[in-house]
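# Coordinates in review
The lines below spell out each chain.
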Amino acid sequence: MTDWQELDSKYYMQTIVRIPVTLVKGEGVRVWDDKDKEYLDFVGGLAVNCLGHCHPVVVDAVTEQVHTLMQTSLWYYTVPMLRLAELLVKNSCLDRVFICNSGLEANEGAVKLARRYGHLKLNGAYEVITTINSFHGRSLAMTAASGQSKMHEPYIPLPVGFVNVVNNDIEAIKAATTDKTCAVMLEPIQAEGGVNVADDDYLKKVRDWCDQKGILLILDEVQTGIGRLGTLFGYQLYGIEPDIMTLAKGLGGGMPVGALLAKEKAAVFTLGDHNATFGGNPVTSAAAYATLKYVIDHDVVGNAAKTGQYLIAKLKDLQKKYSFVTDVRGRGLLLAMEFSSDIGQDILNACLENGMLVNRLKPNAIRLIPPLIITNSDVDEALAILDKSLSSISS
Ligand SMILES: Cc1ncc(COP(=O)(O)O)c(C=O)c1O
């Protein structure tokens, strides 16, 4: 039998400490490795597989589209991207859409759009305020945008034009705003940076400040969008509307697709300003249309809200049981469990052994980001595995 992990060490760029499992198959909330061991998947392709693995509506949409038209470039009108754009606009507060391929690409587009707005309407303002511990992607510009010094150091000098300020602190944003500022860019909940939930009125205060100063509010909803927080988009949870929003992850139901959306007033790109070879790709757009339509028509968002509440309540029970669990936090199905010491990897390993995938969020925390279609019975099964894994660490 081929040793796939040996092939990885020989041929693949070593950029990440992989978990020693080779996954070969997925269905619903379960995946299997090459030794046929089954796992309950509470990572879901890193908050991507909102409908679980290989959902039939996504598989059918992709299958039909690959037999019809796979790639054209944006020089031509194609049907899937236009149906997707219409569906996104009709179900959000934004007016215009650009379909791309990933979260970072959507965010790059958002920052370009904000700078264009700054050039046209704000006397050349170009700076974007972001927050410490945010994560916006791995291009050089998004590395600079992400407020994490460990990401910055290996790549100095970074592109200019980003100011990272303390999260959940409106005064920090106010203090950083100058006549060079064109936008504030935030995740509704900082996801990769620790599942950091800001105060309920923080986004509202930021919105008000942006309005007062005439600058744009960009919401990076790459992780929080498409139902993850128990609302279709994170901004709905906080009762505000962004000027620009980015999506990826859950949008394609497992296929790589991102979207940049803007209100009419902020959609200032003119002909020739932005493009991408694979932008609006028919196959990934068809997958995204099918995913989003299913999410909307089958109240997947309501399920995420309900099972999320059930899951967080059960996690809080575990917190009472194990004194080394110091915090349980999040919204919807973006949840984290934090520990008093750096046992995140040990918990991950124990869960793996016991048949469940979890994500190590930080040395002392794990993240649970399961498919949004999970049932209470999946949650019960996950809780039993977590309980067993936590008890093996504590004993
Ligand atoms: C909030 C947020 N923005 C951007 C990204 C980057 O997306 P991608 O990995 O698709 O480039 C991520 C990825 O985790 C994310 O969570």
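None of the values given here were measured: they were computed from a predicted structure.

Let's shift gears to the overall build of the chain. Within the chain, the secondary structure is distributed over 14 helices and 15 strands. Here the C-alpha radius of gyration of the chain, 21 Å, is about what a compact globule of 395 residues would show, namely 21 Å. C-alpha extents for the chain along the principal axes are approximately 60 × 50 × 45 Å. Put simply, the chain has 395 residues, and 55% of those count as buried. Put simply, 70% of the contacts in the chain that link residues at least 6 apart link residues at least 24 apart. Split by element, the accessible area of the chain, about 17600 Å² in all, is 54% carbon and sulfur. The averaged location of the 45 negative side-chain charges in the chain is 3 Å from the averaged location of its 37 positive side-chain charges.

Covered by surrounding structure in strand β9 (residues 244–247) are Ile244 and Thr246 together with Met245 and Leu247, the residues of both alternating faces. As defined by bridge partners, strand β8 (residues 216–220) adjoins β9 across three bridges and the pair is classed as parallel. What sits directly across from isoleucine 218, in β9, is isoleucine 244. Pairing of β9 with strand β10 (residues 258–262), which is carried by four bridges, proceeds in the antiparallel orientation. Within β10, the residue paired with threonine 246 across the bridge is leucine 260.

Glancing now at the sheet that holds strand β3 (residues 38–41). Within a sheet, neighbouring strands are paired by backbone hydrogen bonds and run either parallel or antiparallel to one another. The strand order across the open sheet formed by four strands is β1-β2-β3-β13, and the pairing between neighbours is mixed. Looking along the sheet, the strands with just one partner apiece sit at the ends: β1 (23–27) and β13 (356–357). Relative to strand β2 (residues 30–33), β1 is paired through four bridges, and the arrangement is antiparallel. Opposite glutamate 27, over in β2, you have arginine 30 as the bridge partner.

The ligand sits among 13 residues. The nearest are Gly103, Leu104, Asp220, Gln223 and Lys249. One of the backbone N or O atoms of glycine 103 is found 2.8 Å from an oxygen atom in the ligand. Within the backbone of phenylalanine 135, a nitrogen or oxygen atom sits 3.3 Å from a nitrogen atom of the ligand. Coverage of the ligand by the protein chains reaches 83% of its 390 Å² of free accessible surface. Looking at the shell around the ligand, the element that brings in the most residues is helix α5 (residues 103–121), giving three residues. Its residues assigned to classes, the shell around the ligand shows three nonpolar, six polar and four charged.

In this structure, the second largest pocket spans a volume of roughly 970 Å³. Taken together, 27 residues make up the lining of the second largest pocket; nearest its centre are Leu74, Val97, Phe98, Leu271 and His274. For the lining of the second largest pocket, the elements supplying multiple residues, two or more each, are α4 (79–90), β4 (96–100) and β10. No other element matches the five residues that α4 contributes to the lining of the second largest pocket.

This brings us to the side chain of serine 146. You can see serine 146 is positioned in the loop between α6 (140–145) and α7 (149–152). Residue classification places serine 146 among the buried residues on the basis of a relative accessible area of 0%. For serine 146, the contacting residues outside a window of four places in its chain are Ser134, Phe135, His136, Gly137, Met151, His152 and Asn164.

A few words now on the packing of aromatic side chains. Here a ring pair, both rings aromatic, is described through the centre-centre distance and the interplanar angle of the planes. Across all of its chains, the model carries three aromatic pairs by this definition. On the basis of an interplanar angle of 5° and a centroid distance of 5.7 Å, the ring pair of phenylalanine 233 and tyrosine 235 is categorised as stacked. Taken individually, phenylalanine 233 and tyrosine 235 each receive the classification buried, so the pair is uniform in this respect. With centroids separated by 5.7 Å and ring planes inclined at 55°, the aromatic side chains of tyrosine 322 and phenylalanine 324 adopt a geometry described as tilted. Each member of the pair, tyrosine 322 as well as phenylalanine 324, carries the same accessibility label: buried. What links up through ring pairs into an aromatic cluster is the set Tyr322, Phe324 and Phe339.

Ordered in space as β4-β10-β9-β8-β7-β5-β6, the seven strands form an open sheet in which the pairing is mixed. Two strands in the sheet have a free side with no partner beyond their single neighbour: β4 and β6 (162–165). Within this sheet the neighbouring strands show an average axis-to-axis angle of 20°, counted without direction. Here strand β7 (residues 181–186) pairs with β8 via four bridges, running parallel. When the sheet's bridge partners are listed, alanine 183 is paired in β8 with leucine 216. Running at roughly 165° to β9, α5 makes contact with β4, β5 (127–131), β6, β7, β8, β9 and β10 of the sheet.

Okay, unusual backbone geometry next. Of the consecutive residues isoleucine 156 and proline 157, the connecting peptide bond is found in the cis state with omega at 5°. By the element assignment, proline 157 lies in the loop between α7 and β6. Phi angles above zero are rare outside glycine, and leucine 46 is one such case at about 65°. Among the structural elements, leucine 46 can be located in helix α2 (residues 44–47). Positive phi values are uncommon outside glycine, yet alanine 47 reaches one of about 65°. Of note, alanine 47 is situated in helix α2.

Turning our attention to the environment of phenylalanine 98. Residue placement: phenylalanine 98 occurs in strand β4. Between the C-alpha atom of phenylalanine 98 and that of alanine 262, which follows or precedes it by 164 residues, the distance is 8.9 Å.

What counts as what
- Within each chain, residue numbers correspond to sequence positions counted from 1 in written order.
- In view of the model being predicted, local features appear only for residues whose pLDDT reaches at least 70, and side-chain atom pairs are presented and counted only at 80 or more, with totals across whole chains, interfaces and linings using the full set of residues.
- Side-chain metrics rest on all non-hydrogen atoms present in the structure, leaving aside hydrogens and water.
- In DSSP terms, a helix is any run of H or I states spanning at least four residues, a strand is any run of E spanning at least two, and both are numbered starting from the N terminus.
- Two things to know: the radius of gyration comes from C-alpha atoms, and the globule rule equals 2.2 Å times the number of residues to the power 0.38.
- Exposed residues in this analysis have more than 50% of their type's maximum accessible area, buried residues have under 20%, and partly exposed residues fall in between, with area computed by a 1.4 Å probe over protein chains only.
- Contacts are residue-level and defined by heavy atoms, with any inter-residue pair within 4.5 Å sufficient.
- Residue burial considers only the protein chains on display, and all accessible areas are found by Shrake-Rupley using a 1.4 Å probe.
- For this count, His and the chain ends are skipped, Lys and Arg are scored as positive, and Asp and Glu as negative.
- Note on charges: their place is set at NZ of Lys, CZ of Arg, CG of Asp or CD of Glu.
- Strands pair, by our definition, only if DSSP identifies at least two bridges between them.
- A molecule or strand has a residue near it when one of that residue's heavy atoms lies within 4 Å.
- Polar contact is defined as a pair of N or O atoms within 3.5 Å, subject to the rule that within protein one atom must be able to donate a hydrogen and the other to accept it, and that residues adjacent in sequence are counted only when both atoms are side-chain atoms.
- Residues are sorted three ways: Asp, Glu, Lys and Arg are charged, Ala, Val, Leu, Ile, Met, Phe, Trp, Tyr, Cys and Pro are nonpolar, and all the rest, Gly among them, are polar.
- Here a cavity means grid points, on a 1 Å grid over the protein atoms only, where a 1.4 Å probe fits yet cannot get out; a pocket means an open set of points with protein on both sides within 12 Å along at least five of seven lines; lining residues are those with an atom within 4 Å of a point.
- Grid points are joined across faces, edges and corners, and a volume is the space filled by probe spheres set on the points.
- In summary, the pairing rule links any two rings of Phe, Tyr or Trp, Trp by its six-membered ring, whose centres are within 6.5 Å, and it sorts them by plane angle into stacked for under 30 degrees, edge-to-face for over 60 and tilted for everything else.
- All axes here are fitted lines through C-alpha atoms, helices being fitted over the stretch that makes contact, and every angle between N-to-C directions spans 0 to 180 degrees.

On their own, these measurements won't tell you what the molecule is for.
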